[in-house]
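Structural overview
Each chain is listed here by its residues.
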Amino acid sequence: MIPRVHTRGTRTIGLLHYLYGPGTHEEHVDPHLVAAWDGLAPDPGRDPDARYGDLQRLLDQPVMALPESRRPAEHVWHLSVRAAPEDPFLSDEQWGEIARRMVAATGIAPDGDDAACRWAAVRHADDHIHIIATTVREDGRQARLRQDGKRSQTEARKIEIDYGLRRLHSGDGTAAQRPTSAERHKAQREGRERTAREELRETVRRAATGTASTEEFFDRLAAAGLLIRKRVAPSGDLLGYKVALPDDRNKDGEPVFYSGSKLAPDLSLPRIRERWTRPADAASADGAFQEQPALPDMTGPAFARRRATAATWQALLIIDHGDDGTAAAQIAAAGEVLDALAKTSAAHTRAELREAALAFERASRSHVRAVRGHDRALRRAARDLVHSGPALGRGEGGATTAMLIDMAFFLAIAAADWHAKKDHSQQAAAARQAAEHLRAAYQAAAGEPMAALGQRGQRLTPRVRQRQVDMVRHVLPELAERIRAEGGWSALATTLDDARKAGHDPAALLADAARRRELDTATSISDVLVWRLRRSAHLPALPESSYETPAQGSRRQKPSVPNTPLTQDAVNHSSRHR
């Protein structure tokens, strides 16, 4: 159930005309009262003798009884309450009871208060009601409506339980503003899949990904085709900005501009500039993570994905073990990596990655203030992804994409776990949703490289394969048989052989990989170890000898990834998955 407190108004009659009228697109059906402050209140929808003015005058009576100098300018209070699409049909009596609970919870008409405000609840659709009230009480005092929006949300959670409705997650005031009904109707009328607000939010968020200056940010906005209006102080300092879609116009034919803060709290210019700052203590706090290990001799998208994978791994450790401010910064920067990855990946993974980035956007903000500067590695990785350009869905580019998605999946799980521990229910749910999309993207990305690695493993000599079996039994005795039974065992065997040929001690690498994060609850231990070992040993994600086309009639190995829905228990034990 979704309650929404609207901006207060000045004309009671104007809102009544809307509630009882046909609606902007003739969507209002059978408007009528379901409850009111007085059971005898006139209902212009069902009573042919009642007029809008009759109800308006009764609602406004306490306001008009005050001297004109004491009348509040904006005395019309408006709350809409909408059921979720999957909720059962609610009768007028049920909606009436919900309305009475809402006005009591918000302070409009507390239970047992005979001098409360006057109000009426109008239903003109199956799935929602509107409550109109005047904010002057019967005793002439102003109603105390502080935090009425938050109170309505709290009551909605109770109503969901009492009526067996879909239970939504409580918000904390950091979510981006939802499109208004007018914006939704406009999008439908113009044949848009999304509202202008939603489209601008994604475009601006992507433009800010990995930027390093105001000039670069505005250059990207312009390159995306947006109209830009800057707000400049008399001193010449840039204070803010607004953006518009070129084809989104109002009734006068003028572009409809939105400020960054109206798109999302972290898209205001001051908040975007915070990403470019470097606190004095950041140099020492993240100094251990500044030096990047030597990476394979390559440039372009594959190199950028290797660096991003290393930065994502570091961020995951910080989320698990760092303080709140640095963890929040890592989670916020992880959103930039997902945006950049979605923008630069091949077509067969792009849709799921875009959905992952859209979902994770909600997880990137909370009341825990991110300490910027500690997220430099992730932001640099996002910048590298953008500047390196699109990656192919095959070869080293495709394999390193799978490697990065694999790591991003577990960072999303770690973020969900972190938010859940702090009772950030919306953010935790958003991170879990992002993880599900990343899981699907991994399945699409990993099919070819895992199949190629698996075929190389099957071509190993029996003597080499037995050596790998003995090694796994020695290093991971409790998990060895499970690993050997998995579809990814051949890919793991060739990865261990590649590590040996590169001069590493594969047994030591395997022990270190298993020690860093537990493996016993992973659905596919072999998949986990393949990417972890190839990253830590700086092996090519897909050696050139693996590019060969599989023999005709051979079956490609399906990537093994978790295939069960994420549960809260799984999130709370995320540290054991990788």
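In what follows, the structure referred to is the one given above.
These numbers come from a predicted model, not from an experiment. (Residues numbered from 1 in each chain as written. Predicted model: local features only at pLDDT ≥ 70, side-chain atom pairs only at ≥ 80, totals over all residues. Heavy atoms only, no water.)

Across its full length, the protein carries 22 helices and eight strands. For the protein, with 578 residues in total, the buried portion stands at 54%. Counting only contacts in the protein whose residues sit at least 6 apart along the sequence, the fraction spanning at least 24 positions is 73%. (Helix = DSSP H or I, 4+ residues; strand = E, 2+ residues; numbered from the N terminus. Buried < 20%, exposed > 50% of the residue type's maximum accessible area, 1.4 Å probe, protein only. Contact = heavy atoms within 4.5 Å.)

Our focus in this paragraph is the packing of helix α17 (residues 462-475) against helix α19 (residues 489-501). Relative to each other, α17 and α19 sit at 95°, their axes nearing to 10 Å. Taken together, α17 and α19 sit at an angle that is classed as roughly perpendicular. In contact with Val 464, Arg 465, Arg 467, Gln 468, Val 469, Met 471 and Val 472 of α17, α19 contributes Trp 489, Ser 490, Ala 493, Leu 496, Asp 497 and Arg 500. Considered class by class, the residues forming the contact of α17 with α19 number seven nonpolar, two polar and four charged. (Axes fitted to C-alpha atoms, helices over the stretch in contact; angles between N-to-C directions. Parallel < 35°, antiparallel > 145°, perpendicular 65-115°, else oblique. Nonpolar A, V, L, I, M, F, W, Y, C, P; charged D, E, K, R; others polar.)

Once that is clear, we can look at the sheet that holds strand β8 (residues 258-259). Spatially, three strands are ordered β6-β7-β8 in an open sheet, and the strand pairing comes out antiparallel. Each edge of the sheet is formed by a strand with only one pairing partner; in this case those strands are β6 (227-232) and β8. Seen against the sheet, helix α6 (residues 196-208) touches β7 (238-244) and β8 and runs at an angle of roughly 125° to β7. (Pairing = 2+ DSSP bridges.)

The next thing to look at is the pairing of strand β4 (residues 119-125). When you tally the buried positions in β4, you get seven out of seven residues, the bulk of the element. One ladder, built from four bridges, connects strand β2 (residues 32-36) with β4; its direction is antiparallel. Bridging from a neighbouring strand, Ala 36 pairs with Ala 120 of β4. Turn length for the β4-strand β5 (residues 128-134) hairpin, with the two strands adjacent in sequence and antiparallel, is two residues.

Attention now goes to the pattern of salt bridges. Across all of its chains, the model carries 44 salt bridges by this definition. We note a salt bridge from Glu 202 to Arg 206, for which the minimum N-O separation is 3.7 Å. Taken together, the residues Glu 202 and Arg 206, both in helix α6 and four residues apart, mark about one turn of the helix. A residue is classified by how much of its surface remains accessible, and Glu 202, at 5% relative accessible area, is buried. Between Asp 375 and Arg 372 there is a salt bridge, with the nearest N and O atoms lying 2.5 Å from each other. (Salt bridge = Lys/Arg side-chain N within 4 Å of Asp/Glu carboxyl O.)

Read across the open sheet, the five strands follow the order β1-β3-β5-β4-β2; overall the sheet is antiparallel. Edge strands, defined here as strands with exactly one partner in the open sheet, are β1 (2-5) and β2. The mean angle between the axes of side-by-side strands here comes to 25°, regardless of whether they run parallel or antiparallel. Relative to the sheet, helix α2 (residues 52-64) contacts β4 and β5, its axis offset from that of β5 by approximately 35°. Against the sheet, helix α3 (residues 92-106) contacts β1, β2, β3 (76-82), β4 and β5, and its axis sits at roughly 45° relative to β2.

So, on to empty space enclosed by the protein. Per the counting criterion, the structure on display carries five cavities of 30 Å³ or more. By volume, the largest cavity is sized at about 110 Å³. As for the largest cavity, its lining consists of Arg 205, Asp 266, Arg 275, Ala 332, Gly 335, Glu 336, Asp 339, Ala 357, Glu 361, Ser 364 and Arg 372. Among the secondary structure elements, those contributing two or more residues to the lining of the largest cavity are α12 (324-344) and α13 (347-363). Examining the composition of the lining of the largest cavity, we find that four residues originate from one element, α12, more than from any other. For the lining of the largest cavity, the residue count by class is two nonpolar, two polar and seven charged. (1 Å grid on protein atoms, 1.4 Å probe; cavity = no way out; pocket = protein on both sides within 12 Å on 5 of 7 lines; lining within 4 Å. Points joined across faces, edges and corners; volume = space filled by probe spheres on them.)

Our focus in this paragraph is the nonpolar core. Among the nonpolar cores identified, the biggest contains 88 residues, and Phe 360, Leu 438, Ile 483, Leu 529 and Trp 531 are the most heavily contacted of them. For this core, the leading source of residues is helix α15 (residues 395-421), giving 16 residues. Within the second largest apolar cluster, 27 residues are counted, among which are Val 34, Ile 108, Cys 117 and Trp 119. (Core = buried A, V, L, I, M, F, W, Y, C linked by side-chain atoms within 4.5 Å.)

A word on α15. Taking 1.5 Å of rise per residue, the 27 residues of α15 would be expected to cover 39 Å, and the 40 Å separating its terminal C-alpha atoms lies within 8% of that figure. Counting buried residues in α15 gives 25 out of 27 residues, a clear majority hidden from the surface. Directly beyond the C-terminal end of α15, a positive phi value near 60° is found at Asp 423. (Expected span 1.5 Å × (residues − 1).)

Let us now look at unusual backbone geometry. One non-glycine residue with positive phi stands out, namely Asp 30, at about 50°. Accessibility expressed as a relative area gives 38% for Asp 30, which makes it partly exposed. With phi around 60°, Gln 147 is a residue other than glycine that occupies positive phi space. Take Gln 147: it is sitting in the loop between β5 and α4 (148-163).

By secondary structure assignment, the location of Lys 242 is in strand β7. Residue class for Lys 242 comes out partly exposed when judged on its relative accessible area of 38%. For Lys 242 and Ser 261, which are 19 residues apart along the polypeptide, the C-alpha to C-alpha distance reads 9.1 Å. When sequence neighbours within four positions are dropped, the list of residues in contact with Lys 242 reads Leu 227, Ile 228, Arg 229, Phe 257, Tyr 258 and Ser 259.

On to the side chain of His 78. Relative to the assigned elements, His 78 resides in strand β3. Reaching out from His 78, the side chain makes a polar contact with the side chain of His 130 at a distance of 2.8 Å. Leaving out residues up to four positions away in the same chain, His 78 has contacts with Arg 4, Val 5, His 6, Leu 15, Leu 19, His 130 and Ile 131. (Polar contact = N/O pair within 3.5 Å; in protein donor to acceptor, adjacent residues only side chain to side chain.)

Moving on: the packing of aromatic side chains. The full count for this structure, using the stated rule, is five aromatic pairs. Between Phe 217 and Tyr 241, the ring centres sit 5.5 Å apart and the planes meet at 80°, which makes this aromatic pair edge-to-face. Of this pair, Phe 217 sits in helix α7 (residues 214-223) while Tyr 241 sits in strand β7, and the two are 24 residues apart along the sequence. Phe 217 sits in the buried class, given a relative accessible area of 0%. Exposure remark for Tyr 241: the relative accessible area of 5% places this residue in the buried category. Centroid distance Phe 409 to Phe 410: 4.7 Å. Interplanar angle 80°. Geometry classified as edge-to-face. Judged by its relative accessible area of 8%, Phe 409 falls in the buried class. Looking at Phe 410, the relative accessible area reads 3%, which means it is buried. Grouping aromatic residues by their ring pairs yields a cluster made of Phe 217, Phe 218 and Tyr 241. One residue, Arg 229, lies across the ring of Phe 257, its end atom 3.9 Å from the ring centre. (Phe/Tyr/Trp six-rings, centres within 6.5 Å; stacked < 30°, edge-to-face > 60°. Lys NZ or Arg CZ within 6 Å of the ring centre and 35° of its normal.)

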